[in-house]
Amino acid sequence: MIEKSEVQKPAPKKTSFFKKFLLGIGGIIVFVVGIYCYLRVRPATTTIDPISYFSEFSSEYINMTFEDIRVDLYEPAILIDDNIFISSDFAEKYVDDTIFYDSNENILTITTLNSVKRFDVGETTKDFLFEKNGVCYILDTFLEDRFPIIFEQGADNRLIIARNLAEEKLLGKITKRTGAVIRTHADKKRDIIDDMPYGSIVEIYGTVLDYYRVRNENGMIGYIPKKYVEEIGASVVVPKIIYTPYELKKPLNEKVRLVWDQMAVEPVHEFTNSRYDNLDDINVISPTWFEFANDDGDLISRASARYMQQARSRGLLIWPLLSNNFSEPQFTQEILTSTTKRQHVIDQLIEYAKEYNFDGINIDIENVTQNISREWVQFMRELYPQLGELGLCVSVDVYIPSDWSKFYMRDKISQVVDYFIVMAYDEHWSGSPKPGPVASLGWVEEGLILNLEEVPNYKLVLGIPFFNRIWAQTSDGTLETRAISMYEANNRINAADVNLIYDDLTGLNYAEFVQNNKTYKMWLEDKEAINKRVKLIEEYDLAGYAAWKLGLETGDIWEELSKMSN
């Protein structure tokens, strides 16, 4: 028998070195993963300087924010003795583009529908204006008195804050007791640009994920978690001042029925020419009286008191035309880019209006390019209230919308005219690479639709052609063309004894014939074409028609034009 004391216990198991290593590695992994997970959930605490972080700002001058925009302009504001002066660049871009500074002549102009105010700007600081580096600086209260805008320094004096009072803004209050932070992006791992104490107010400009895009009382723009912000209502709206145009001395009170009467060189005094035989349907005649004579803004005048008497005896209103000089296109740029020269043109028109007592003016300044687009608009803004003070009707002639004519700024121009005439012709012109119609019906309608996106229908007048274009193509491909009257088009067709074909693509009658080894083509502006244009005027309830030009039409088109309702 074996004694109890003699029973051997099993020896304890020994942990191998490899198992110990694995356990150690596992512990390290758990620790690293824990640190990683902590860092993933832990918000970033790095605070950056927004002045140096955002490319729109500069440490070399005072910076601004406007609504939720960091203003990217050179020196948009200047502080002088605690007074805020705002750059004309900022004022024109963000306050109102009727604030216009001519840096060449140091003149600040502010226009409304019934006034033009100009201020000389010198290098010496004045109470509310001064010039620096080609920029005009304007005292903030000067702008605040005229526009729904307010300027103030941010609470920490790092930025100037500009607020558009005409637009309602959602407001929020910070509800986190320990405060919150604004970050550069809608992500807690992105850098901090500013602290927001409990109870402080922000303007809310939108939502990104679970964040609000806000501007705080320092003027800093960034993102803050929505859970830390309580919406508390909206800002008070201050409406823009409404300016009313002057009343017309002789309003039409019916649709426009205008024809242009071209005088290339000499004035017309008597209505003895046969082109004046068919004036019964029209209510406005526009003689081409005025033209730029030189780059100083002097005008050529073909005005005639006798012509006025003749037109009056027919019951017509007279809106003389002012055009730029097509043979000297540089005149247009020289005149429009000078405040003094623009006013010189306007002053002459005012004097002529007083002398001849006409009823309106028709502006036909063509080939406006991008480099003078701003000045073109300014000319019309300065012209409208000054002629309006005399009770004159102001109309303007502008091409069909296209890439090359977009610089006419139709939306802005339509605000400072009584009638906006779209010259719905010259779809194909003398320089066209291939033959085609003067104005196909589809092209005209498309142009009207585009215009109506920017011009109200009660101002929009359809310009219609009284002329045709005949094309001749030789066997070697040479293309010849010239504009002809409706009369000549009919004579050419009759002489060639050709039958008209209706062209579905253009909506016009078409003629083609061969003479003298040339193939002639015409898409006809005729009675049927006029009838369709009248239908477009009715369909889109336009303000009327304007026809270029008197004397090129055949007598049968007047019956169609008379069908336009008043």
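Since the structure is predicted, the reported quantities are computational estimates derived from the model, not experimental observations.

Considering a nonpolar patch on the surface
Piece 1. Taken together, the side chains of Ile25, Ile28 and Ile29 present a nonpolar region at the surface, about 260 Å² in accessible area.
Piece 2. Locating isoleucine 25 in the fold gives a position in helix α1 (residues 17-41).
Piece 3. Overall, isoleucine 25 belongs to the partly exposed group, its relative accessible area being 35%.

Some words on the pattern of salt bridges
Piece 1. Summed over the entire model, instances satisfying the criterion amount to 29 salt bridges.
Piece 2. Among the salt bridges present, the one from arginine 163 reaches glutamate 152, with a minimum N-O distance of 2.1 Å. In this pair, arginine 163 is assigned in strand β11 (residues 159-164) and glutamate 152 in strand β10 (residues 149-153), connecting sequence segments eleven residues apart.
Piece 3. What makes glutamate 152 partly exposed here is its relative accessible area of 32%.
Piece 4. With a closest N to O distance of 2.9 Å, arginine 302 and glutamate 291 form a salt bridge. Residue arginine 302 is found in the loop between β22 (299-301) and α5 (305-313), and its partner glutamate 291 is found in strand β21 (residues 290-292); the two are separated by eleven residues along the sequence. The two residues arginine 302 and glutamate 291 agree in class, both being buried.

Brief notes about the sheet that holds strand β27 (residues 419-423)
Piece 1. Taking strand neighbours across the sheet as the criterion, the eleven strands line up as β22-β21-β24-β25-β26-β27-β28-β34-β19-β20-β23 in an open arrangement whose pairing is mixed. The outermost strands of the open sheet, each flanked by one partner alone, are β22 and β23 (317-318).
Piece 2. Sheet topology note: the strand β19 (residues 256-261)/strand β34 (residues 544-548) ladder contains four bridges and is parallel. By the bridge assignment, leucine 258 is partnered in β34 with alanine 546.
Piece 3. Against the sheet, helix α8 (residues 373-388) contacts β24 (321-323), β25 (360-364) and β26 (393-399), and its axis sits at roughly 160° relative to β26.
Piece 4. Helix-sheet contacts for helix α10 (residues 441-452) involve β27 and β28 (460-465), and the interaxial angle to β28 is about 160°.

Section: the confidence of the model for the protein chain
Piece 1. Confidence in the prediction for the protein chain averages 94 pLDDT; 93% of positions are at 70 or higher.
Piece 2. Low pLDDT, under 50, characterises residues 1-7; the predicted model gives this stretch zero contacts beyond four residues in sequence or across chains.

Side note on the packing of aromatic side chains
Piece 1. Taken as a whole and judged by the stated rule, the model has 30 aromatic pairs.
Piece 2. A centroid spacing of 6.1 Å and a plane angle of 55° characterise the contact between tryptophan 289 and tyrosine 356, whose relative ring orientation is tilted. One end of the pair, tryptophan 289, is in the loop between β20 (284-287) and β21; the other, tyrosine 356, is in helix α7 (residues 339-356), and 67 residues separate them in sequence. As far as the burial class goes, tryptophan 289 and tyrosine 356 line up, both buried.
Piece 3. An aromatic cluster of three or more residues is present, and its members are Phe271, Tyr276, Trp289, Phe290, Tyr307, Tyr352, Tyr356 and Phe358.
Piece 4. The ring centre of phenylalanine 54 lies 3.6 Å from the NZ or CZ of arginine 70, which sits over that ring.

Brief notes about the environment of leucine 170
Piece 1. Looking at where leucine 170 falls in the secondary structure, it is placed in strand β12 (residues 170-174).
Piece 2. Residues leucine 170 and alanine 496, spaced 326 residues apart in sequence, show a C-alpha to C-alpha distance of 74 Å.
Piece 3. Discounting chain neighbours no more than four positions away, the residues touching leucine 170 are Val202, Glu203, Ile204, Glu231, Gly233 and Ala234.

Brief notes about the nonpolar core
Piece 1. In this structure, Ile285, Phe358, Trp376, Met380 and Phe466 are the most contacted members of the largest nonpolar core, which totals 102 residues.
Piece 2. Not counting chain neighbours up to four residues away, the residues in contact with methionine 380 comprise Ile363, Val394, Val396, Ile413, Val416 and Val417.
Piece 3. Among the nonpolar cores identified, the runner-up in size contains 32 residues, and Phe85, Tyr94, Leu139 and Ala162 belong to it.

Comments concerning the pairing of strand β9 (residues 135-139)
Piece 1. The element β9 is extensively covered by neighbouring structure, given that five of its five residues are classed as buried.
Piece 2. Residues Val135, Tyr137 and Leu139 of β9 are buried on one face, and the alternating residues Cys136 and Ile138, pointing to the opposite face, are buried as well.
Piece 3. Here three bridges tie strand β4 (residues 83-87) to β9, and the two strands are oriented antiparallel to one another. Following the sheet pairing, serine 87 is matched in β9 by tyrosine 137.
Piece 4. Pairing analysis gives four bridges linking strand β8 (residues 129-132) to β9, with the strands arranged antiparallel. Counted as the bridge partner of glutamate 131 is cysteine 136 from β9.
Piece 5. Remark: two residues form the turn of the hairpin made by β8 and β9, two consecutive strands paired antiparallel; asparagine 133 in that turn has positive phi of roughly 55°.

What counts as what
Residues numbered from 1 in each chain as written. Predicted model: local features only at pLDDT ≥ 70, side-chain atom pairs only at ≥ 80, totals over all residues. Heavy atoms only, no water. Patch = residues over 30% accessible without salt bridge, like charges linked within 9 Å, V, L, I, M, F, W, Y side chains within 5 Å. Areas by Shrake-Rupley, 256 points an atom, 1.4 Å probe, with all protein chains shown as cover. Salt bridge = Lys/Arg side-chain N within 4 Å of Asp/Glu carboxyl O. Helix = DSSP H or I, 4+ residues; strand = E, 2+ residues; numbered from the N terminus. Buried < 20%, exposed > 50% of the residue type's maximum accessible area, 1.4 Å probe, protein only. Pairing = 2+ DSSP bridges. Contact = heavy atoms within 4.5 Å. Axes fitted to C-alpha atoms, helices over the stretch in contact; angles between N-to-C directions. pLDDT = per-residue confidence, 0-100. Phe/Tyr/Trp six-rings, centres within 6.5 Å; stacked < 30°, edge-to-face > 60°. Lys NZ or Arg CZ within 6 Å of the ring centre and 35° of its normal. Core = buried A, V, L, I, M, F, W, Y, C linked by side-chain atoms within 4.5 Å.

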